[in-house]
Amino acid sequence: MTGNRPGSNRMSGAGGEQLLANALEFMMSVKAFELVPVLERDLLIGDKTWKSIDCIECCGKNLYVGTSDCFIYHFLLEEKVSTSGRLVFTPIKQLHMYLGLKKAVNELKAASALNRLLVLCDSTVTLLHMINLEPIPSGAKIKGVTAFAVNENPVTGDPFCVEVCAISLKRKTVQIYTVHEDHVQLIKEVSTPEQPVAIAADGYFLCLAMSTQYIILCYNTGVSQDLFPFNSEEKQPIVKRIAREEFLLAGPGALGMFVTAAGISQRAPVHWSENVTGAAVCFPYVVALDEEFVTVHSMLDQQQKQTIPFRDGHILQDFEGKLILATSKEIHVLVPLPLERQIQDLLASRRVEEALVLAKGARRNIPKEKFQGMYRRILQQAGFIQFGQLQFLEAKELFRNGRLDVRELIALYPLLLPSTSTFIRSHPPLHEYADLNHLMQGDQEKITKCKRFLMTYLNEIRNTDVSNGYKEEVDTALLKLYAEANHDSLLDLLVSENSCLLVDSVLWLEKYEKYFALGLLYHYNGQNEAALQLWVKIVDGQLQDTTRSDLFEYIVDFLSFCSDHELVWKYADWILQKNEEVGIQIFSRRPIDENQTTGMNPDDIVNYLHKHKKAVVVYLEHLVFERNIQKEKYHTHLAVLYLDKVLELHTQEGNVSQLTSARCSLKNLLQHSNLYRVHLLLGKVKDTDLHMECAILHGKLEEHEKALEILVHKLKDFQAAEDYCFWNSKGKSPSCRQRLFHMLLRLYLRTDDTTDDLVMASVDLLNNHAVQFDVIQVLQLIPEEWSLQLVSPFLTKAMRGSFHAKCTTELASNLARSENLIFKYSKVKSRGKSIKLSEKKVCRVCCSFFTEPVFVRYPDGSLVHTHCARKSQSLPATDKKFVSLKNHS
């Protein structure tokens, strides 16, 4: 709440004044200053009611008071702190001096460097000794002055003089003097557009209140700049130098305006009373005085912060940071409260934004290191205030900017800090709350919101600098929050790098029945057996945890990549008893680069799996088909298992689909593998009706006639016979395939077994696969009674194939002739050029001179010995041009 200045209605009596003071105390926004009495009425004026204070000056401990009856009083101000912690001023009167002019003392300025006191009385500035108040012997004076100002930023550079800017009684003139210890010197006189009323100086710049406006005047160049209008007849002008080349003016519309020497405003104005008679700056505040009150305004946010009742005040001056107020009878000091205390008061009243603005503004008055520490603490306190008001976004930003020790926040939540933590809260404390229940007064909905915020905040900072050194506290707190809230991120935390304290986490996860997550934690800490024990109990129903419906598959996957082979063997039986086909993955999905000589040798695994029929088949399939291991025993073992399965299903009824699938697997292995023991398998199938398998095995023994005999006469599967010719000749020479097709054709055309079906099969064979046959041999085989029309498709395709082969052969021959011709042309062309071989020519390879006119010339023109060219591999032989010449030079 911004402190509002009360109305002008007065409240009569002591009780009314006290009530007003209490009301103002309640209304004020910040208690920035305390009003401390300095000089009481009795000490200075006594019962002389006609006597009044007209001006004051304070330099160090020296206080000077000018009165309306031409007296100057000198006091020493002693400062001390009372037992209550308040600052107390004790004035000690030194002496007083009567100037003898029977005029009021208008202005006092001390020049401590000169030990002089400048006194304006009766339009004359007189120089007095600061201690004894005696006039200087030379009697130096400045006459005809209505007002003057000491230049706090003089341009003379002489430390033993003071620059004084005086408004002259002469119309529209300002005079610049240098005041020395015993004399005064006029150095400049400048004219003004109007008669000045008030003046302030900084460097070469004068800020003047004229009768109708304010101006900035550079007395070095004489250039002036109008600022804004002002009527001196309606209100008292205020011109105060507040900083280097910056002034505070009483502007129109009850505004306190900040103006630089360049004539611009770099700060927002403050709004004060219409009847302000004095103003001063004590950063970050502007203090304004009117007939009834002292008001305090912030330069940072332009808000009125404090209102202090002060009747009949007419003097407000800033003396080196000491604000002195005076009525006509008494003198007080406005003592600023420490900024830290003001900020803490704002935080205590939950006014976070104002506290932060004030804290930022205090930077210029506090050493950098001290400010940084103070400001971080203020941000942290503000963060807890916003947190308590459930303003989580604002709280998070303040915590991060204030680099909050995250344990301060975690400590608010009961039992979240690890049991091993030695953390002690900051002293003095950053907040007043015992814990979250105290803060939220047991409101469970609010407590839940606070826990959700902490989850989010800790998750964001856990991998940043904010959590450095506190990873165990952060991760353990996160685990506890996730477990309590049944949050999905619990598993993400445990499968990533974490610092969760095992002792605390185990108890917490067991409390909320997060057994799968507990297993992950055991695994992260290298306790794989403990993890598996938990997971097995969940699958067996001994523990209840529905986190993963596919936990069995997860265990299988876990063991598949487990490097502890003893652990794999320990749980292999349990896995395979649950599901052989899935469980076998603990062996079949092991890393390829795993050392198979230490506990995971395929031979040992196969021997172990003999009691698990399904598993051993799947594992052998893995070895044969996936890992492509070229070992006869694996291929034979798998083939035998396939065959046993087929024979077993063959004796059963109603398993047609299973039998078909089993025979398909067996035939696929028999066709594509060349490593199994053929005779062993042939002995098992020859007395069965597995004719297709028997044919494949005869084919592996190169007994193609027997194989085709089975396919043609026993199975009567002509398509299978044709397929046999193809797959049995795959990867072999074309003559091998041609031989098989001729063998099949002869089988079809054998006179003792010829039937219509065989004749049609032989015709189809010829017509469909004409390119696989030798035409002459076919013509010799086919019966004479066959019509030309019957074999015309075969003959047509055969002629086309023959013609294509002839054309291809001629094309290849012609291309070879062309290439030979090109080579001959290149050889002739290279020989057509003359090559000069002199005694200075050296071989490119051995760098020796040529001793005979025989050499090899490369395309780039370099020459080498013939024997060097044979040995050299620097250029391919096709790039060499051999030339034998005899040198006649």
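Refer to the preceding data block for the structure.
Here the residue index of a chain counts from 1 through its sequence in written order. Totals for whole chains, interfaces and linings use every residue, but because this is a predicted model, local features are given only for residues with pLDDT of at least 70 and side-chain atom pairs only at 80 or more, for both listing and counting. Water and hydrogen atoms play no part in the side-chain values, which are based on all heavy atoms of the structure.

(A) Highlighting the environment of Glu34. Secondary structure elements are defined from DSSP: runs of H or I of at least 4 residues count as helices, runs of E of at least 2 residues count as strands, and each element is numbered from the N terminus. Tracing the chain through its elements places Glu34 in strand S1 (residues 33–39). When the C-alpha atoms of Glu34 and Pro336 are compared, they prove to be 6.4 Å apart, with 302 residues separating the residues in sequence. In contact with Glu34, not counting residues within four places along its chain, are Arg86, Val333, Leu334, Val335, Leu337 and Arg341. Here Lys31 takes part through its side chain, which lies 3.5 Å from a polar atom of the side chain of Glu34. Throughout, a contact is declared for two residues whenever any of their heavy atoms are within 4.5 Å. Side-chain atoms alone can form a polar contact between residues adjacent in sequence; in general such a contact is a pair of N or O atoms within 3.5 Å, and within protein one must be able to donate a hydrogen while the other accepts it.

(B) Up close: the sheet that holds strand S23 (residues 285–289). The strand order across the open sheet built from 4 strands is S22-S23-S24-S25, with neighbouring strands paired in antiparallel fashion. Each of the sheet's edge strands pairs with one partner strand only, and the pair in question is strand S22 (278–282) and strand S25 (304–309). The average undirected angle you get between the axes of adjacent strands in this sheet is 20 degrees. Following DSSP output, two strands are said to pair if at least two bridges run between them. Fitted lines through C-alpha atoms serve as axes, helices being fitted only where they are in contact, and the angles separating the N-to-C directions of these axes extend from 0 to 180 degrees.

(C) Examining the packing of aromatic side chains more closely. Put simply, two rings from Phe, Tyr or Trp (the six-membered ring, in Trp's case) pair if the centres are within 6.5 Å, and we call them stacked under 30 degrees between planes, edge-to-face over 60, tilted for the rest. Under the criterion given, the structure shown has 31 aromatic pairs. An angle of 75 degrees between the planes, with centres 5.2 Å apart, marks the rings of Phe726 and Phe741 as edge-to-face. Of this pair, Phe726 sits in helix H26 (residues 718–728) while Phe741 sits in helix H27 (residues 734–749), and the two are 15 residues apart along the sequence. Residue Phe741 is classed as buried on the basis of its relative accessible area of 0%. One residue, Lys51, lies across the ring of Phe71, its end atom 5.0 Å from the ring centre. In this structure, Lys511 packs its charged tip against the face of Trp508, placed 4.9 Å from the ring centre. Exposed residues in this analysis have more than 50% of their type's maximum accessible area, buried residues have under 20%, and partly exposed residues fall in between, with area computed by a 1.4 Å probe over protein chains only. In this scheme, Lys NZ or Arg CZ marks a charge over a ring once it lies within 6 Å of the ring centre and within 35 degrees of the ring normal.

(D) Seen up close, the pairing of S1. With 5 of 7 residues buried, S1 lies mostly within the body of the structure. Summarising the sheet, S1 and strand S28 (residues 331–336) pair through 6 bridges and their orientation is antiparallel. Bridging across to S28, Leu39 finds its partner in Ile331.

(E) Molecular detail of the packing of helix H25 (residues 704–714) against H27. The geometry of H25 relative to H27 is characterised by a closest axis approach of 10 Å and an angle of 50 degrees between their N-to-C directions. Relative to H27, H25 is oriented oblique. Helix-helix and strand crossings are classified by hand; for H25 and H27 the assignment is right-handed. Contact with H25, carried on its side by His704, Glu705, Leu708, Glu709, Val712 and His713, involves Arg739, Leu740, Met743, Leu744, Leu747 and Tyr748 of H27 and no other residues of that element. In this count, Pro and Cys sit with the nonpolar residues alongside Ala, Val, Leu, Ile, Met, Phe, Trp and Tyr, while Asp, Glu, Lys and Arg are called charged and the others, Gly among them, polar. Split into classes, the residues belonging to the contact of H25 with H27 amount to 7 nonpolar, 2 polar and 3 charged. The scheme is simple: roughly parallel for angles under 35 degrees, roughly antiparallel for over 145, roughly perpendicular for 65 to 115, oblique for anything else. Working rule for handedness: look at the near helix, and if it is turned counterclockwise from the far one by less than a right angle, call the crossing left-handed; if clockwise, right-handed.

(F) Highlighting the sheet that holds strand S3 (residues 62–67). Strand order in this open sheet of 4 strands is S2-S3-S4-S5, and the pairing throughout is antiparallel. Looking at which strands have only one partner, the edges of the open sheet turn out to be strand S2 (53–59) and strand S5 (87–98). For this sheet, the mean inter-axis angle between neighbouring strands, taken without regard to orientation, is 25 degrees. Where S2 meets S3, 6 bridges bridge the pair, whose relative direction is antiparallel. Bridge pairing in S3 places Cys55 opposite Gly66.

(G) Molecular detail of the environment of Leu99. Relative to the assigned elements, Leu99 resides in the loop between S5 and strand S6 (105–111). Considering only alpha carbons, one finds Leu99 and Val125, 26 residues apart in sequence, at a separation of 12 Å.

(H) Seen up close, unusual backbone geometry. A cis amide bond links Phe283 with the next residue in sequence, Pro284, at an omega value of 10 degrees. Relative to the elements of secondary structure, Pro284 occurs in the loop between S22 and S23. Look at the link from His427 to Pro428: it is a cis peptide, with omega at -5 degrees. Turning to its location among the elements, Pro428 is positioned in the loop between helix H7 (406–410) and helix H8 (436–440). Phi angles above zero are rare outside glycine, and Arg403 is one such case at about 50 degrees. Tracing the backbone through its elements, the reader meets Arg403 in the loop between helix H6 (392–401) and H7.

By themselves, these observations are geometric and do not establish any function.
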